[in-house]
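Remarks on the overall topology
One-letter residues, chain by chain:
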Amino acid sequence: MINTTELDPALSAMLDSNKKSGMRLVIGNKNYSSWSMRAWVAMKAFGIPFEEIRILLDRPDTARQISGYCMSGRVPLLLTDGMTIWDSLAICEYLAEQFPMHNMWPQDVAARAIARSICAEMHSGFQALRSDMSMSIKASLPGKGRTAGSQADIGRISEIWEECLSRYGAHQYLFGDFSIADAYFAPVVMRFNTYAVSLAPALQAYVERVTAHPAVAQWIREALAEVEDAPDHDAQLNK
Ligand SMILES: N[C@@H](CCC(=O)N[C@@H](CS)C(=O)NCC(=O)O)C(=O)O
């Protein structure tokens, strides 16, 4: 067996990267599964190879199928190195550690701390936006879902984006180059498109850049091509 620590760093990184391929990502329907989208977009955007396993949500056997991989009952799941990682943020952190050459987080320490803060805020917050403006990439629901709670969430997200784009983003992505933070907010971008949220021009331009990013655009194409619905998710849209 080759001891990669004694090799040229570039060759060693390439061998490590090959060793880590063979990863499998378990996701839900692309049209609806916002948490799956985050991990999948992060992997695609940074060219990390993986096999996709899609489990349809809202089916009688959804829970049984997910529990075949992990008892969390939720997707995404990353199957790698004989273990399962069962949370989108933990998956992104694992990938950033395993593939340091990709700079999945911003390189600047202060920017990285802010990027982690906004991902954590997304991960634990914005409940009203999630429930009142649920993700359905296929749907067009301009103006729907505007409760006091979702309006407040839209306001807070606008504030975060404005701050990151003006301080770190050089008017590209939230921290300049595409990072985990952009993957994390990609499902919000999908919602802003579906529900036609009107935004300041700089934020609308960010929405358009994320929508056009190759990894995001691929997810959208594949979501639009899906034929299966998810009845409970659709019921959320029509409440
Ligand atoms: N905090 C988790 C949330 C995962 C989550 O809620 N996933 C939803 C799909 S987007 C799920 O698996 N739901 C199971 C179901 O609908 O049966 C993460 O970040 O991965």
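All residue numbers here refer to positions counted from 1 along the written sequence of the relevant chain. Whole-chain, interface and lining totals are the exception, using all residues; otherwise, since this is a predicted model, local features are given only for residues with pLDDT of at least 70 and side-chain atom pairs are given and counted only at 80 or more.

Observations regarding the site of the ligand
The C-beta atom of each residue is placed using the backbone, and any residue whose C-beta lies within 6 Å of a molecule or strand is treated as near it. Among the 13 residues in the neighbourhood of the ligand, the closest are listed as Ser 33, Trp 35, Arg 74, Val 75 and Ser 88. In this description a helix means any DSSP run of H or I spanning at least four residues, a strand means any run of E spanning at least two, and both kinds are numbered starting from the N terminus. For the shell around the ligand, the elements supplying multiple residues, two or more each, are α2 (34–45) and α4 (88–98). By residue number, the principal contributor to the shell around the ligand is α2, which donates 3 residues. Each residue gets one of three labels, nonpolar for Ala, Val, Leu, Ile, Met, Phe, Trp, Tyr, Cys and Pro, charged for Asp, Glu, Lys and Arg, and polar for the others, Gly among them. A per-class count over the shell around the ligand returns 5 nonpolar, 6 polar and 2 charged.

Some thoughts on the domain arrangement of the chain
Domain boundaries shown here were taken from an automatic or database domain assignment. Taken as a whole, the chain is organised into domain 1 (19–102) and domain 2 (109–237). Measuring from the centre of the C-alpha atoms in domain 1 to the corresponding centre in domain 2 gives 19 Å. A pair of residues counts as a contact when their C-beta atoms, built from backbone coordinates, are within 7 Å of each other. Contact residues are listed per partner, giving 18 residues for domain 1 and 25 residues for domain 2. Going through the elements one at a time, α2 and α4 are the ones with two or more residues in the side of domain 1 that touches domain 2. At 8 residues, the largest contribution of residues to the side of domain 1 that touches domain 2 is made by α2. Its residues assigned to classes, the side of domain 1 that touches domain 2 shows 11 nonpolar, 3 polar and 4 charged.

Observations regarding the pairing of strand β1 (residues 23–27)
In short, DSSP must find at least two bridges between two strands for them to pair. Sheet analysis places β1 next to strand β2 (residues 50–54), joined by 5 bridges and oriented parallel. When the bridges of β2 are listed, Ile 27 appears paired with Arg 54. In this fold, the crossover linking β1 to β2 by way of α2 has right-handed handedness. Note: β1 against strand β3 (residues 77–80), 3 bridges, orientation antiparallel. Pairing of Arg 24 across the sheet is with Leu 79, part of β3. With strands facing away from the observer, any crossover in which the path from the first strand over the helix to the second runs clockwise is taken as right-handed.

Things to note about the environment of Met 190
As for its placement among the helices and strands, Met 190 is situated in helix α8 (residues 180–194). Met 190 sits 159 residues away from Asn 31 along the chain, and the two C-alpha atoms are 9.8 Å apart.

Observations concerning α8
A helix is expected to reach a length of 1.5 Å times the quantity of its residues less one. Across its 15 residues, α8 extends 22 Å between first and last C-alpha, which sits within 8% of the 21 Å expected from 1.5 Å per residue. Bend is the name given here to the angle between axes fitted to two runs of seven residues, the run ending at a residue and the run starting at it. Ala 186 marks where α8 bends most, by close to 40°; the proline Pro 187 follows one to four residues later. Here a residue counts as buried when 20 or more other C-beta atoms sit within 10 Å of its C-beta, as exposed when there are 12 or fewer, and as partly exposed otherwise, the C-beta atoms being derived from the backbone. Most of α8 sits inside the fold, with 14 of its 15 residues counted as buried. At the C-terminal side of α8, Ala 196 shows a positive phi close to 45°.

Details of the sheet that holds β3
The strand order β2-β1-β3-β4 describes an open sheet built from 4 strands, whose pairing is mixed. A single partner strand is all that each edge strand has here, and the edge strands are β2 and β4 (83–85). Geometrically, the sheet is characterised by an average inter-axis angle of 25° between neighbouring strands, direction not taken into account. In this description, a line fitted to the C-alpha atoms serves as the axis of each element, helices being fitted only across the stretch in contact, and the angle between N-to-C directions of two axes falls anywhere from 0 to 180 degrees. Those strands touched by α2 are β1, β2 and β3, and its axis lies near 150° from that of β1.

What about the packing of α2 against helix α10 (residues 214–225)?
Axes are the key here: two packed helices are described by the angle between their axes and the distance separating the axes. Between α2 and α10, the least distance of the axes is 8 Å, while the angle of their chain directions is 130°. The angle between α2 and α10 falls in the class oblique. Between α2 and α10 lies a crossing whose hand is right-handed. Side by side, α2 and α10 meet where Met 37, Trp 40, Val 41, Lys 44 and Ala 45 of the first sit next to Ala 215, Val 216, Gln 218 and Trp 219 of the second. Here the residues of the contact of α2 with α10 sort into 7 nonpolar, 1 polar and 1 charged. Each angle is binned into one of four classes, with values under 35 degrees roughly parallel, values over 145 roughly antiparallel, values of 65 to 115 roughly perpendicular, and all other values oblique. Whether a crossing is left-handed or right-handed is set by the direction in which the near helix is turned from the far one by less than a right angle, anticlockwise for left-handed and clockwise for right-handed.

Some thoughts on the environment of Lys 44
With respect to the helices and strands, the residue Lys 44 is situated in helix α2. C-alpha of Lys 44 to C-alpha of Val 216: the two residues are 172 residues apart in sequence and 8.6 Å apart in space. Excluding its chain neighbours within four sequence positions, the residues that come into contact with Lys 44 are Ala 215 and Gln 218.

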